[in-house]
Amino acid sequence: MDDREDLARRIEAQVGVRPPEALLDIWTGITPVDVSVDVALYGPGEIAERNTTYEIPTYRPDLLLIGDDGGGRGFFVLRGDPDPDVFRIGLGAVGSDDGARLGRLAALAADGFRSISDDEFDDESDAR
């Protein structure tokens, strides 16, 4: 079994769902990410802890928290989608807000998340 599959199984055991293939691509360097905006993607060693801390399985069991913007907003994906849409939701509103759709994870990673502008962070009109 290769390291990627070992990583996927380890994370799945911790969070209850296989991580999206696009996130595995980032973690294993297949999709290198040079993030020049305020986006912190959680690594394999912290994703389970962050989902537990913010009680994501309780309030939004359909979502997986994969990162944050350092300003109280998290980046979420739907569980089970290999290249999911990314949604930005305030970490204090996870159970009551569907958030703003930002685009597919693979596409966002490929452009270093530069397509996420400050205007998008402030615009709630594109909530799903």
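Look above for the structure.
Residues numbered from 1 in each chain as written. Predicted model: local features only at pLDDT ≥ 70, side-chain atom pairs only at ≥ 80, totals over all residues. Heavy atoms only, no water.

Student: Quick rundown of the nonpolar core? Include the residues and the values.
Tutor: Ranked by size, the top nonpolar core spans 33 residues in total, and within it I47, I66, F76 and L105 carry the most contacts. Where this core is concerned, the elements lending two or more residues are α1 (3-15), α2 (21-27), α3 (47-53), β2 (63-68), β3 (73-78), β4 (85-90) and α5 (105-110). At five residues, α2 tops the list of elements feeding residues into this core. Other than its neighbours up to four places away in sequence, I47 contacts I11, V15, L23, W27, Y42, L64, L65 and I66. (Core = buried A, V, L, I, M, F, W, Y, C linked by side-chain atoms within 4.5 Å. Buried < 20%, exposed > 50% of the residue type's maximum accessible area, 1.4 Å probe, protein only. Helix = DSSP H or I, 4+ residues; strand = E, 2+ residues; numbered from the N terminus. Contact = heavy atoms within 4.5 Å.)

Student: Describe the sheet that holds strand β5 (residues 100-104), and please don't skip the residues or the numbers.
Tutor: What holds strands together in a sheet is hydrogen bonding between their backbones, with the strands either parallel or antiparallel. On the basis of which strands lie adjacent, the open sheet formed by five strands has the order β1-β2-β3-β4-β5 and antiparallel pairing. Only two strands of the sheet have a single neighbouring strand rather than two, namely β1 (40-41) and β5. (Pairing = 2+ DSSP bridges.)

Student: Report on the environment of V77, specifying residues and quantitative values.
Tutor: Note that V77 resides in strand β3. A residue is classified by how much of its surface remains accessible, and V77, at 0% relative accessible area, is buried. Taking C-alpha positions, V77 is 6.3 Å from F87, a pair spaced ten residues apart along the chain. Excluding its chain neighbours within four sequence positions, the residues that come into contact with V77 are P20, D62, L63, L64, I66, P84, D85 and V86.

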